[in-house]
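Take a look at the letters that make up each chain.
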Amino acid sequence: MAVAEFPLPDVGEGLTEAEIVQWRVAIGDEIAVDQVLVEIETAKSLVELPSPFSGTVTGLLVSEGDTVEVGKPIIRVESDAQVASGAAVAGPGGAAHVAQSVPTSPDVTATPPAPAAPAAPVAQTPAAPAPVSAPTPPRAAAAPATAPAQPAAAPAQPVAVDASVVGTDESSGAVLVGYGSATSSPSRRKPGARRAAALAAEASRASSADAAAAAEAATDPGEETTAEAISAQGSGSARKHGVATNVLAKPPIRKLAKDLGVELSEIVATGLAGEVTRDDVIRHAKQASVFRNIETPEWGDVRSETIPVKGVRKAIATAMTTSAFTAPHVSLFVDVDATRTMEFVKRLKSSPTFAGVKVSPLLLVAKAVIWAVRRNRSVNSTWTDREIIVHHFVNLGIAAATPRGLIVPNIKDAQDMSLLELAQALEQLTLTARDGKTTPAQMANGTVSITNIGVFGMDTGTPILNPGEVAIVAMGTIKPKPWVVDGEVRSRMVTTIGASFDHRVVDGDVASRFVHDVASVLEEPALLLD
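Rules used throughout
- Residues take numbers from 1 onward in each chain, read along the sequence in its written order.
- At least 70 in pLDDT is required for a residue's local features to be given in this predicted model, at least 80 for side-chain atom pairs to be given and counted, and no such filter applies to totals for whole chains, interfaces and linings, which use all residues.
- To obtain the side-chain values, all non-hydrogen atoms of the structure were used and water was disregarded.
- Only rings of Phe, Tyr and Trp enter the pairing, Trp through its six-membered ring, and a pair is recorded when the two centres are within 6.5 Å. The plane angle decides the type: under 30 degrees is stacked, over 60 is edge-to-face, the rest tilted.
- Starting at the N terminus, helices and strands are each numbered in turn, a helix being any DSSP run of H or I of at least four residues and a strand any DSSP run of E of at least two.
- Partly exposed residues are those whose accessible area sits between 20% and 50% of the maximum for their type, while under 20% is buried and over 50% is exposed, using a 1.4 Å probe and protein chains only.
- The span expected for a helix works out to 1.5 Å for each residue beyond the first.
- Should any heavy atoms of two residues lie within 4.5 Å, those residues are considered in contact.
- Strand pairing is defined by DSSP finding a minimum of two bridges between the two strands.
- Here the axes come from fitting lines to C-alpha atoms, over the contacting stretch only for helices, and the angles between their N-to-C directions go from 0 to 180 degrees.
- The directions considered for the arc run from the helix axis to the C-beta atoms.
- Put simply, buried Ala, Val, Leu, Ile, Met, Phe, Trp, Tyr and Cys residues joined by side-chain atoms within 4.5 Å make one nonpolar core.

A.B. asks: Quick question: what am I supposed to make of the packing of aromatic side chains here?
C.D. replies: Each aromatic ring pair is characterised by the separation of its centres together with the angle its planes make. Under the defined criterion, the tally for this structure stands at 2 aromatic pairs. Where Phe6 meets Phe53, the ring centres are 6.4 Å apart and the plane angle is 85°; that geometry is what we call edge-to-face. Of this pair, Phe6 sits in strand E1 (residues 2–7) while Phe53 sits in the loop between strand E5 (46–50) and strand E6 (55–60), and the two are 47 residues apart along the sequence. Here the aromatic rings of Phe501 and Phe514 are separated by 5.9 Å at their centres, their planes lie at 90°, and the arrangement is edge-to-face. Of this pair, Phe501 sits in strand E24 (residues 488–502) while Phe514 sits in helix H10 (residues 508–523); the two residues are 13 residues apart in sequence, bridging distant segments of the chain. As far as burial versus exposure is concerned, Phe501 and Phe514 are alike and both buried.

In C-alpha cells:
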C-alpha cells in the first residue's frame, strides 16, 4: 500500500504559485487516473488538475482560497498500486526528491490510512456520448498497473510523484502540461457538414418535403446535416434548462441566451441552417457585451467591499504598470469608410465555405493587421534593452474581456492562415477565453495585438501595449455616419482605427504607414488579394 502526495505542478510559463479555487474531490473519495482533482487559478488562467494516479483520497493538504507555491504537496492519496519507478518531482531547487515524512499542521485536513483493499484496475473515465448516430471506433483500454506491490512489512511512505511519469495512458482525456495524454482532440466539425449545411440552406427555400430529401441526399452515410447535429447537441441541454427544444441552437448559444434572459423561441434565426447564432441572441437582447451590463444590481447594505489583488488581476496590474511606465507610448487615429468591409462580411456569412463559422468585422481587421505587418516589419518586434528582435512571423494577440478580467491569448503563426482558418481560430480563441480555459501557452510569445473596443460601443481609445510587443491596434464600433463620396454627403459605415506604439522601436513615419495600411484594407478588402 503506497501513500502518494501530489505536489502543485508548474502548469507552464514558469509560474511560481497558484490559488486553490475549488476542490473537486473530498476525503474518502475513490479517484481514477485523469479524474479532475482541483481547480486552480494562476496569474494567467483557470486550470483543472487531473490526477496522475488512482486510489483513495486521505488528505487535502491545503484549503480553498489558499495560495500555494509550485512544488508544495496539495493532496494525499492512498493507492494499492506502487507508484511508477523513478517517480519524483523537481522541488523548488530543481532536484528531484522523495518525501520521507509528512509534516502535520493544525490546518491540514487528513484522515488515517484506510485498511488495505483488494487491488482494482485503474478506472477509466467514460467518453461522453457523441451527438451523432455514426458509430465510434472503440478506444484503447487502459493499461493495468504492472508495478509490484509494496512488501507487507514495509511501512507506507508518502511519495512525491512526477506528473510526467505517471498517468500517461493514451486513452485518458484530461491533459496538463507535463503529464496526461497527448491524444489530439476530435475535430469540432464533421466531414461533409459544411457541404450539407450549404445544401440545407438552399433547400430551405423549397418545400419542406424537398428540403428533407435534399438534406438526406447531401449527407454521406454516418453523417448528419448541420441542423441535425445542432439539434442533437442542444436537445438535452434544452430539456434540462427549460428552453425551447424546437429551436436550433448550439449549447453555448443556449447558455448565452439563458445568461441574458432571452427566450430562444422569440429570436429570429439567421443561421444558414436555420439555427440561432450568437449575433442573433445579442441583437435580440440589445446588449453590446456578454460580460458587462447584463443587469443592474441593487446597491446592497455593504458600504465598501475589499477585493484581494491576486491571480489575473494582479498579473494585469503588473503588466499594465510595467508597459505604461517603461515603453514610451505614441498613439495615432484614423477614420475609415468600412462600408465595403461590411458588405464583404455579409457575403462571407452567406458563403457555403463559411457555413457554421462565426464571421465578424474583427476577422477583416485581423487580416488587415497581418497584411500591414508584412509591409511594416518593425511593428512586429520586441525590445530587449540591448537589441531589437524583428519577428518574421505573426502571433496575433486578441484582447479578450472575460469574467475574470482582461487576457490576451494569441493565434500562433497567423500569417500562414487562410481567411477561413483565421475565422475558425478567432472563434475558438473567443470560446476558450469565455469559458476561462485559456492556457498560459496560448498567451505566451505574442508579437502584435488587437483590442476590439467596438463591441462595447466605443469609437476609439489609446490602448496600452501588451508587454513584450511594440504595437497594438484598437478597433472601434462601426456605425452609419455622414461621409463625403464624390463630392456628395452620403451615409456610410464608418469606424475609427486607433493604434499605440513603442516609440523606442517604431518611428512616427512607420507607425503612420502601418495605420494607413490597416485602414486601406478596411476601405478596400480586395487589397488582400495582393
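A.B. asks: In this structure, what is going on with helix H7 (residues 339–350)? I would like to understand it.
C.D. replies: Side chains of residues three or four places apart in an α-helix project in the same direction, reflecting 3.6 residues per turn. Its 12 residues place the ends of H7 17 Å apart at the C-alpha level, agreeing with the 16 Å of an ideal helix rising 1.5 Å per residue. Within the sequence span of H7, burial applies to Thr339, Thr341, Phe344, Val345 and Leu348. Its buried side turned inward, H7 meets strand E15 (329–337), helix H8 (361–375), helix H9 (419–434), E24 and H10.

A.B. asks: What's the story with the pairing of strand E8 (residues 73–79) in this structure? I'm lost.
C.D. replies: A regular strand carries its side chains on alternate faces of the sheet. Where burial is concerned, most of E8 is hidden: 6 out of the 7 residues are buried. As paired elements, E1 and E8 share 6 bridges and run antiparallel to each other. When the sheet's bridge partners are listed, Ala2 is paired in E8 with Ser79. Here 4 bridges tie E6 to E8, and the two strands are oriented antiparallel to one another. Following the sheet pairing, Val57 is matched in E8 by Val77.

A.B. asks: Looking at this structure, how should I read the sheet that holds strand E2 (residues 17–23)?
C.D. replies: Strands belonging to one sheet form pairs held by backbone hydrogen bonds; the direction of such a pair is parallel or antiparallel. Spatially, E5-E4-E2-E7 is the arrangement adopted by the 4 strands of the open sheet, whose pairing is antiparallel. Each edge of the open sheet carries a strand with a single partner, namely E5 and strand E7 (67–69). Each adjacent strand pair in this sheet contributes to an overall mean axis angle of 40°, direction not counted. Two elements, E2 and strand E4 (residues 36–41), share 4 bridges in a ladder whose sense is antiparallel. Looking at E4, one finds that Glu19 is bridged to Glu41.

A.B. asks: Got a minute to help me understand the environment of Val484 in this structure?
C.D. replies: Here Val484 is to be found in strand E23 (residues 479–485). The class of Val484 is exposed, set by a relative accessible area of 58%. Along the chain, Val484 and Asp337 lie 147 residues apart, while their C-alpha atoms are 9.9 Å from each other.

A.B. asks: Sorry if this is basic, but what is going on with helix H6 (residues 311–326) here?
C.D. replies: Taking 1.5 Å of rise per residue, the 16 residues of H6 would be expected to cover 22 Å, and the 23 Å separating its terminal C-alpha atoms lies within 8% of that figure. For H6, the complete set of buried residues consists of Gly311, Val312, Ile316 and Ser323. For H6, the buried positions fall inside an angular range of 125° around the axis, keeping them on one side.

A.B. asks: Honestly, the nonpolar core in this entry has me stumped. Any pointers?
C.D. replies: As a rule of thumb, nonpolar side chains are buried together in soluble globular proteins. Ranked by size, the top nonpolar core spans 52 residues in total, and within it Leu363, Val369, Leu396, Ile450, Phe501 and Phe514 carry the most contacts. Looking at this core, the elements that each hand over two or more residues are H7, H8, strand E18 (396–402), H9, strand E21 (448–452), strand E22 (471–475), E24 and H10. Take this core: its biggest share by element is 11 residues, from H8. Excluding anything up to four places from it in sequence, Phe501 contacts Pro328, His329, Val330, Leu332, Val379, Leu465, Val470, Ala471, Val506, Ala511, Phe514 and Val515. By size, the runner-up hydrophobic cluster in this structure holds 23 residues, among which are Leu8, Ile20, Val57 and Val68.

A.B. asks: How should the environment of Gln35 be read in this particular structure?
C.D. replies: On the secondary structure map, Gln35 appears in the loop between strand E3 (30–31) and E4. Look at Gln35 and you get partly exposed, because its relative accessible area is 27%. In the structure, Gln35 is positioned 17 residues away from Pro52 in sequence and 8.4 Å away in space, judged by C-alpha atoms. If sequence neighbours within four positions are ignored, Gln35 has contacts with Val25, Glu30, Leu49, Pro50 and Ser51.

Geometric descriptors of this kind do not, in isolation, establish any biological role.
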